[in-house]
Amino acid sequence: MKITDYKSLIFDCDGVVLNSNKIKTEAFKTIFQPFGLDLANKMVKYHINLGGISRYKKIEYFLENYVKNQKKEYIKDLKIDLIKNFSEIVIKKLVKSEVCENLELLKLKTKNSKWFIVSGGDEKELNYTFKLKKISSLFDGGIYGSPTSKYEIIENEIKNGNIIQPAIYFGDSKLDYEVADFFDFSFAFVLQWTEFDNWKSFFSDKKNVMILNSPIEILKI
């Protein structure tokens, strides 16, 4: 199937549209360093292994597994502080992050399709960043993110008649593939900025997966 045949083009943000994976990895390391470098490194590894899952879930994991014998009020306040600190670090760097090249050309070639962002990133941050970078208008189907999960976002947009088959998902993580597979979307793995080290092994037995350096390469298929 050619890219022009798809009615819906769905993009993850970090590592696909923006070169921002390392920004978020460093932010996780920074917010957890006060609890010790060893624990910070464990949380970074956890974050990378669960690429595409929101910060909210990862911070909840930290609180449930590494904050013991503390009052509920302390845990509640700590959660708020961690989320706030993470957001403050990330938003400053996201607005300066590199944007995938030639998105405008791909949009021109797929003018009969709707474009969507479905990301694990915070939805408010995504909309703010995309507006500043003047790329919001490319995603005429909507820009969606956490705290709603990718599964929930797509299910809602299908029910609303917004996402229409045939659809293709551009992602850079295991989760992105699993989401695409669940909804019977085509999947394009974008490797230029991925932190998914084992992608070659993971995709070796997966059928109908396109491996691209960047989304624009889909025009060559």
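Our subject is the structure that appears above.
This is a predicted model, so every value here is computed, not measured.

Scoring rules and cut-offs
Numbers given for residues are sequential positions, taken from 1 along each chain in its written order. Predicted model: local features are reported for residues with pLDDT of at least 70 only, side-chain atom pairs are reported and counted for 80 or more only, and whole-chain, interface and lining totals are derived from all residues. No hydrogens and no water enter the side-chain calculation; it runs on all heavy atoms of the structure. When a carboxyl oxygen of Asp or Glu is within 4 Å of a side-chain nitrogen of Lys or Arg, the pair counts as a salt bridge. Numbering of helices and strands runs from the N terminus, with a helix taken as a DSSP run of H or I at least four residues long and a strand as a DSSP run of E at least two residues long. Each residue is placed in one exposure class: buried if its accessible area under a 1.4 Å probe, protein chains only, is under 20% of its type's maximum, exposed if it is over 50%, and partly exposed if it falls in between. The axes are straight lines fitted to the C-alpha atoms, using for helices just the contacting stretch, and the angles between their N-to-C directions are given from 0 to 180°. Note that the term roughly parallel is reserved for angles under 35 degrees, roughly antiparallel for angles over 145, roughly perpendicular for angles of 65 to 115, and oblique for everything else. In this scheme the handedness of a crossing depends on how the near helix is turned from the far one: anticlockwise by less than a right angle means left-handed, clockwise means right-handed. Contact between two residues is taken to exist if any of their heavy atoms lie within 4.5 Å; hydrogens are not considered. Each residue gets one label: Ala, Val, Leu, Ile, Met, Phe, Trp, Tyr, Cys and Pro are nonpolar, Asp, Glu, Lys and Arg are charged, and the others, such as Gly, are polar. The pairing criterion is simple: DSSP has to find at least two bridges between the two strands.

## Some words on the pattern of salt bridges
Enumeration over the complete set of coordinates arrives at ten salt bridges. Across the salt bridge formed by Glu-88 and Lys-84, the nearest N and O atoms sit 2.7 Å from each other. Here Glu-88 pairs with Lys-84, and both are found in helix α4 (residues 72–94), just four residues apart, close to one helical turn. With a relative accessible area of 37%, Glu-88 lands in the partly exposed category. The class for Lys-84 is partly exposed, based on a relative accessible area of 46%. The salt bridge involving Asp-176 is made with Lys-150; its shortest N-O contact spans 2.4 Å. Pair noted here: Asp-176 is in helix α8 (residues 174–182) and Lys-150 is in helix α7 (residues 150–159), with a separation of 26 residues, a long-range link. Like Lys-150, Asp-176 is buried.

## Structural notes on the packing of helix α3 (residues 55–66) against α4
Where α3 contacts α4, the axes come no closer than 11 Å and their chain directions differ by 140 degrees. Put simply, α3 runs oblique to α4. The handedness of the crossing between α3 and α4 comes out as right-handed. Taking contact as the criterion, the partners of Arg-55, Tyr-56, Ile-59, Glu-60, Phe-62 and Leu-63 in α3 are, on α4, Ile-75, Leu-78, Lys-79, Leu-82, Ile-83, Phe-86 and Ser-87. Among the residues forming the contact of α3 with α4, the class breakdown is nine nonpolar, one polar and three charged.

## Structural notes on the sheet that holds strand β4 (residues 167–171)
What links the strands of a sheet is backbone hydrogen bonding, and the strands pair in either a parallel or an antiparallel sense. Spatial ordering of the open sheet is given by β3-β2-β1-β4-β5-β6, a layout of six strands whose pairing is parallel. Edge strands, defined here as strands with exactly one partner in the open sheet, are β3 (142–146) and β6 (209–212). When the angles between neighbouring strand axes are averaged without regard to direction, this sheet yields 20 degrees.

## Details of the side chain of Lys-24
Mapped onto the elements of the fold, Lys-24 is located in helix α1 (residues 21–32). Sequence-distant contacts of Lys-24, that is, excluding residues within four places in its chain, are made with Asp-14, His-47, Arg-55, Phe-86, Val-90 and Gly-121.

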